[in-house]
Amino acid sequence: MRIEHLGIWTYNLEGLRNFYTHYFDASSSEIYYNHSKEFRSYFLTFNGDCRIELMEMPNIPKSKNDPIKQHSGLIHFAIQVGSITKVRELTEELRKDGFRIISEPRITGDGYYESVILDPEGNRVEIMA
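Quick summary incoming for the structure in this document. For clarity, every value in this text was computed on a predicted model and none was experimentally measured. (Residues numbered from 1 in each chain as written. Predicted model: local features only at pLDDT ≥ 70, side-chain atom pairs only at ≥ 80, totals over all residues. Heavy atoms only, no water.)

### Focus: the overall build of the protein
Within the protein, the secondary structure is distributed over 2 helices and 9 strands. Each helix and strand of the protein, ordered N terminal to C terminal, gives the series β-α-β-β-β-β-β-α-β-β-β. The globule rule puts the C-alpha radius of gyration for 129 residues at 14 Å, and the 15 Å found for the protein is close to it. Taken along its principal axes, the extent of the C-alpha atoms in the protein is 50 × 35 × 30 Å. Within the protein, the proportion of its 129 residues that are buried is 33%. A separation threshold of at least 6 residues defines the contact pool for the protein, and within that pool the share at least 24 residues apart is 51%. Carbon and sulfur atoms make up 49% of the accessible area of the protein, which totals about 8100 Å². When the 15 positive and 19 negative side-chain charges of the protein are each reduced to one mean point, those points stand 4 Å apart. (Helix = DSSP H or I, 4+ residues; strand = E, 2+ residues; numbered from the N terminus. Rg over C-alpha atoms; globule rule 2.2 N^0.38 Å. Buried < 20%, exposed > 50% of the residue type's maximum accessible area, 1.4 Å probe, protein only. Contact = heavy atoms within 4.5 Å. Areas by Shrake-Rupley, 256 points an atom, 1.4 Å probe, with all protein chains shown as cover. Lys, Arg positive; Asp, Glu negative; His and termini not counted. Charge placed at Lys NZ, Arg CZ, Asp CG, Glu CD.)

In structure tokens form, the structure reads like this:
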């Protein structure tokens, strides 16, 4: 068994798609549109097995969780970028472009090298080597 994909609701489908394709080299599917539900989505692929489905539909409530504080439920996902240098470079590029860095690049207690940023929707993304 394996994780096939993760789903993220958004109010800015094109903006979130552009974020992941630009900064994380994701490939995007063509848009799927269900007219009766006003549901639109893209699947993003990251040179591996697991994908992210970005979804948009009217009247989906905003999350009440504070993205800076820990809480129960899905709290982050990690994207492997290949090297310590790439973690540092991408973190700095995101900082320069105005995205929030909530954990600076570092070696974690379990031996990973990572930083943590917030995507445009406030989802925690670990950038890891």
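Still more ground to cover, so stick around.
### Topic: the nonpolar core
Counting 23 residues, the largest nonpolar core has Tyr20, Phe24, Phe46 and Leu94 as its most contacted members. For this core, the secondary structure elements donating two or more residues are α1 (13-24), β4 (39-45), β5 (51-56), β6 (76-80), α2 (84-96), β8 (113-118) and β9 (124-128). Sequence-distant contacts of Phe24, that is, excluding residues within four places in its chain, are made with Phe19, Phe46, Ile79, Leu90, Val125 and Ile127. (Core = buried A, V, L, I, M, F, W, Y, C linked by side-chain atoms within 4.5 Å.)

### What about the pattern of salt bridges?
Two side chains carrying opposite charge are able to pair once their charged atoms lie near each other. In the structure shown here, the tally under the stated rule is 7 salt bridges. Between Lys96 and Asp97 there is a salt bridge, with its nearest N and O atoms 3.7 Å apart. Taken together, the salt bridges that share partners define one network made up of Glu92, Arg95 and Glu104. (Salt bridge = Lys/Arg side-chain N within 4 Å of Asp/Glu carboxyl O.)

### Thoughts on the pairing of β5
With respect to burial, β5 is a largely interior element, 5 of its 6 residues being buried. Pairing between strand β1 (residues 5-9) and β5: 5 bridges, direction parallel. Counted as the bridge partner of Leu6 is Ile52 from β5. Counting the residues in the hairpin turn of β4 and β5 gives 5 residues, including Asn47, whose phi is positive at 55°. (Pairing = 2+ DSSP bridges.)

### Remarks on the sheet that holds β6
Overall, mixed pairing links the 4 strands, which are arranged β6-β9-β8-β7 in an open sheet. Here the strands that pair on one side only, and so sit at the sheet edges, are β6 and β7 (101-107). The sheet shows a mean angle of 20° between the axes of neighbouring strands, direction not considered. (Axes fitted to C-alpha atoms, helices over the stretch in contact; angles between N-to-C directions.)

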